[in-house]
Amino acid sequence: MSEQRRFWLRPALRALTATGTAGAILAGAAWVSTAQARDLKMAFFTSPKHHVWAKLMTRWGNGITAANVGLKVVGFPGGQIGGKPPGAFKRVVNGIADIEFGLQGYTSTVFPKTMVVEIPLQWGSPTEATTALWKIFDKHLASEYARVEVLGLWTTDVPVLMTNKVVRTPDDLKGLKLRTPSRDQAAIIKGLGAIPVGMPMPQTYSAIEKGVVDGALVGISVVNSFKLAEVVKNYVIGLPMGYSPQMMVMNKKTYAGLSADQKKAVDAQRGLLLSLKGARLYEAARAAGIKTVRDRKDTNITELSAADKAAWTARFETIVDDWVKRYGKSHPTYQQMLADYLAKG
């Protein structure tokens, strides 16, 4: 039986029970008392085919339901809960969804410290960056999530430059409009000489197709999950970019209202281990995205020479210096946080 089918089986059986046709099927289920049993609404703003939903959140929901502690996770992918992607965190805070996936970059001002993961010239993979993020969570980041329960916190694959113009050096970006998900990536785009245009990922395909933007700095996994290879023809990979953070969070009152056994079941499936699953999904999706681009006859991957890489690195070094100065003014402990995030061992 597929992951998706197992996940949707419980809601379907509840519907059948209401009509009196599934009582025998559910009779042997080892549920706790009706007073303790409850459904958890889990939302996802994009397609249920997206790998985060199909391979992470769906399986998480199956695991919680299978724990037999009276929790049944009911899925609402594809924006069924309502609202736009930038509102995901607020929907969980307000209890519109019990659990939801979100991108901190959509509301960067709420997560200024978490956005440290976007700084260029850092870790070499999503799993390394995710591990480093959790290493500083309690000391530096927890206050940004005080209104929710964090289930998972991970990074996407390293962004690549996608444009409808061949780009080899930062100077080639002058005047180009690039989609950005966050304030910090907007600063990076400006530092590279391009023009940032903020928008959620689901709008990017149409924006590139219509010429509203000329491309994007985003993980190459989106050429499959958002079909961007259909509208973007040129790619620069291997740039020493940072990462974009993602989160899976639960409403605080929902968690507080769970029984001890229910909390134990949730706690067993949250934190670094869940987060590393998210990071590995993006590592696999990066490999698949690069293959998609290489296999298409109408797309081009620019391989940078040593001199080209040096030019990009020099520009990124200036961006990092400006980044640290900017945050150091508003967050006195920022440099220590950055040092802790980048510390090895």
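Here the residue index of a chain counts from 1 through its sequence in written order. Local features are withheld for residues below a pLDDT of 70 in this predicted model, meaning they are given only at 70 or higher, and side-chain atom pairs are given and counted only at 80 or more; totals for whole chains, interfaces and linings count all residues. To obtain the side-chain values, all non-hydrogen atoms of the structure were included, while hydrogens and water were left out.

1. Re the sheet that holds strand E2 (residues 71-76)
Cut-off, in case you're wondering: We call two strands paired when DSSP finds no fewer than two bridges between them. The helix count covers DSSP runs of H or I at least four residues long, the strand count covers runs of E at least two residues long, and both are numbered beginning at the N terminus. Only the contacting stretch of a helix is used when fitting its axis, a line to C-alpha atoms as for every element, and angles between N-to-C directions run 0 to 180 degrees. What makes two residues a contact is simply this: any of their non-hydrogen atoms within 4.5 Å.
Reading across from one edge, E2-E1-E3-E10-E4 is the order of the 5 strands in this open sheet, with mixed pairing throughout. The sheet is open, and its two edges are formed by E2 and strand E4 (148-155), each paired on a single side. Within the sheet, the average angular offset between the axes of one strand and its neighbour, ignoring direction, is 20 degrees. Both strand E1 (residues 38-43) and strand E3 (residues 99-102) contribute to a ladder of 2 bridges, which runs parallel. Bridging from a neighbouring strand, Ala43 pairs with Glu100 of E3. On top of the sheet, helix H3 (residues 51-66) reaches E1, E2, E3, E4 and strand E10 (245-251); it is set at about 160 degrees to E2, its chief contact. Contacts from helix H12 (residues 272-295) reach E4 and E10 within the one sheet, and its direction differs from that of E4 by about 35 degrees.

2. Some words on the sheet that holds strand E5 (residues 159-163)
The 6 strands are arranged E7-E6-E8-E5-E9-E11 in an open sheet whose pairing can be described as mixed. At either margin of the open sheet sits one strand with a lone partner, and together these are strand E7 (195-198) and strand E11 (300-302). Going across the sheet, the axis of each strand differs from the next one's by a mean of 30 degrees, ignoring polarity. Where strand E9 (residues 234-236) lies against E11, 3 bridges are found, and the strand directions are parallel. Among the inter-strand pairings, Asn234 is bridged to a residue of E11, identified as Asn300. Along the sheet, helix H7 (residues 183-191) contacts E5, strand E6 (177-180), E7 and strand E8 (215-219); its crossing angle with E6, the most-contacted strand, is approximately 160 degrees.

3. Details of unusual backbone geometry
This is how it is decided: Summary of the burial criterion: residues with accessible area below 20% of their type's maximum are buried, those above 50% are exposed, and those between are partly exposed, where the area comes from a 1.4 Å probe applied to protein chains only.
In this structure, Leu121 is a non-glycine residue whose phi angle is positive, near 60 degrees. Inspection of the secondary structure puts Leu121 in the loop between E3 and helix H5 (126-135). The backbone of Lys227 shows a phi angle near 55 degrees, a positive value even though the residue is not glycine. Turning to its location among the elements, Lys227 is positioned in the loop between helix H9 (222-225) and E9. The class for Lys227 is partly exposed, based on a relative accessible area of 49%.

4. Topic: the packing of H5 against H12
Counted only if it meets this: Geometric relationships in this document are graded by angle, where less than 35 degrees denotes roughly parallel, more than 145 denotes roughly antiparallel, 65 to 115 denotes roughly perpendicular, and other angles denote oblique. Crossing handedness: left-handed means the near helix sits turned counterclockwise from the far one by under a right angle, and right-handed means the same turn made clockwise. Basically, the charged four are Asp, Glu, Lys and Arg, the nonpolar ten are Ala, Val, Leu, Ile, Met, Phe, Trp, Tyr, Cys and Pro, and anything else, Gly included, counts as polar.
It is the contact of H5 with H12, at a shortest axis distance of 8 Å, that shows an interaxial angle of 155 degrees. Our classification of the angle between H5 and H12 gives roughly antiparallel. Seen from above, H5 lies across H12 with right-handed handedness. Between H5 and H12, the residues in contact are Pro126, Thr127, Thr130, Thr131 and Trp134 and Leu272, Ser275, Leu276, Ala279, Arg280 and Glu283, respectively. Residues of the contact of H5 with H12, tallied by class, amount to 5 nonpolar, 4 polar and 2 charged.

5. So, the environment of Glu100
As a reminder of what qualifies: Here a polar contact is taken to be a pair of N or O atoms separated by no more than 3.5 Å, where protein atoms must pair a possible hydrogen donor with a possible acceptor and residues adjacent in sequence count only if both atoms sit in side chains.
Relative to the elements of secondary structure, Glu100 occurs in strand E3. Once the C-alpha coordinates of Glu100 and Lys90 are considered, the two residues, 10 residues apart in sequence, prove to be 9.8 Å apart. Leave out the neighbours within four places in its chain, and Glu100 touches Ala43, Met57, Ala88, Arg91, Val92, Met247, Met248 and Val249. In terms of polar contacts, Glu100 uses its side chain to reach the side chain of Arg91, at 2.8 Å.

6. Brief notes about the nonpolar core
Convention followed: Residues belong to a common nonpolar core when they are buried Ala, Val, Leu, Ile, Met, Phe, Trp, Tyr or Cys residues joined through side-chain atoms within 4.5 Å.
Core analysis: the largest hydrophobic core is formed by 51 residues, its most contacted members being Trp60, Met162, Ile220, Tyr235, Met248 and Val266. At 6 residues, H3 tops the list of elements feeding residues into this core. Those residues in contact with Val266 that lie beyond four places of it in its chain are Trp60, Ile64, Leu71, Leu151, Met250, Tyr255 and Leu258. Residues Trp134, Leu141, Val167 and Leu178 belong to the second largest nonpolar core, which totals 48 residues.

No statement about biological role is implied by the geometric values presented.
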